[in-house]
Amino acid sequence: RSSDLNLEFRPVADAYSSAFDFDMMIENAVEMSESYHHSQMISDVLDYIDHHVGESMSLETLANQFYVSTSHLAHKFKSEVGCTVNQYILNRKLGEAEMRLVFGTDPIKEISSDCGYTSLQYFYSVFKKNTGNTPAEIRHYYRNILSAYK
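Note that the coordinates shown come from a computational prediction; the quantities given were computed from them, not determined experimentally. (Residues numbered from 1 in each chain as written. Predicted model: local features only at pLDDT ≥ 70, side-chain atom pairs only at ≥ 80, totals over all residues. Heavy atoms only, no water.)

A. Structural view of the overall build of the chain. When helices and strands are tallied, the chain shows eight helices and zero strands. Reading the secondary structure of the chain in the N-to-C direction produces α-α-α-α-α-α-α-α. Pairs at least 24 apart in sequence give 65% of the contacts found in the chain among residues at least 6 apart. Total accessible area on the chain stands at roughly 9200 Å², and carbon and sulfur atoms take up 52% of it. (Helix = DSSP H or I, 4+ residues; strand = E, 2+ residues; numbered from the N terminus. Contact = heavy atoms within 4.5 Å. Areas by Shrake-Rupley, 256 points an atom, 1.4 Å probe, with all protein chains shown as cover.)

Shown next, in the form of structure tokens:
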């Protein structure tokens, strides 16, 4: 039942806790992007992660991609973005999955795969650990909310 869900979303969903206030969400995203001025390298790394969210990547693969040492990338990324590369990758993948679960109709297995998870069971485990709910619970809960507004 949707009333039994633990809807205290943690890192992944914090930015979307008022997911249905679209204007505010867009306004906040624009303000955030305008207020953060990353170095060219970090901007390129962020773009790369955003465009390759479905691929396997890590600090090491990104450092190799951008011809820098892992320690240099880790330090620079953390100081400019405020989290580790691996935390950012995880949050980006789960954020993408969450948006597709809420607003899309693709099967959960397809979303999992598109976000770079080869095991559906592992995707469920990581998703629940980071959001407090399973992907199916999130989809069901928000479908009920959306259908109430139709």
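B. Just the packing of helix 5 (residues 85–103) against helix 8 (residues 135–148), in detail. Where helix 5 meets helix 8, the axes come as close as 8 Å, and the angle between the chain directions of the two elements is 40°. Viewed along their axes, helix 5 and helix 8 adopt a mutual orientation that is oblique. Crossing angle aside, the handedness with which helix 5 passes helix 8 is right-handed. On the side of helix 5, the interface is formed by E98, R100, L101 and V102, while helix 8 contributes P135, I138, R139, Y142, R143 and L146. A per-class count over the contact of helix 5 with helix 8 returns six nonpolar, no polar and four charged. (Axes fitted to C-alpha atoms, helices over the stretch in contact; angles between N-to-C directions. Parallel < 35°, antiparallel > 145°, perpendicular 65-115°, else oblique. Left-handed = near helix turned anticlockwise from the far one by under 90°. Nonpolar A, V, L, I, M, F, W, Y, C, P; charged D, E, K, R; others polar.)

C. Examining the side chain of S58 more closely. Here S58 is to be found in the loop between helix 2 (40–51) and helix 3 (59–65). Within polar-contact distance, the side chain of S58 engages the side chain of E60 at 3.1 Å. If sequence neighbours within four positions are ignored, S58 has contacts with N86 and I89. (Polar contact = N/O pair within 3.5 Å; in protein donor to acceptor, adjacent residues only side chain to side chain.)

D. The arrangement of the pattern of salt bridges in detail. What the rule picks out here adds up to five salt bridges. The shortest N-O distance in the salt bridge between D50 and R92 comes to 2.7 Å. In this pair, D50 sits in helix 2 while R92 sits in helix 5, placing the two residues 42 residues apart along the sequence. Between R92 and E96 there is a salt bridge, with the nearest N and O atoms lying 3.3 Å from each other. Linking R92 with E96, this pair stays in helix 5, spanning four residues, or about one helical turn. Relative accessible area serves as the criterion here: at 22%, R92 is assigned to the partly exposed category. (Salt bridge = Lys/Arg side-chain N within 4 Å of Asp/Glu carboxyl O. Buried < 20%, exposed > 50% of the residue type's maximum accessible area, 1.4 Å probe, protein only.)

Nothing here speaks to function; it is geometry throughout.
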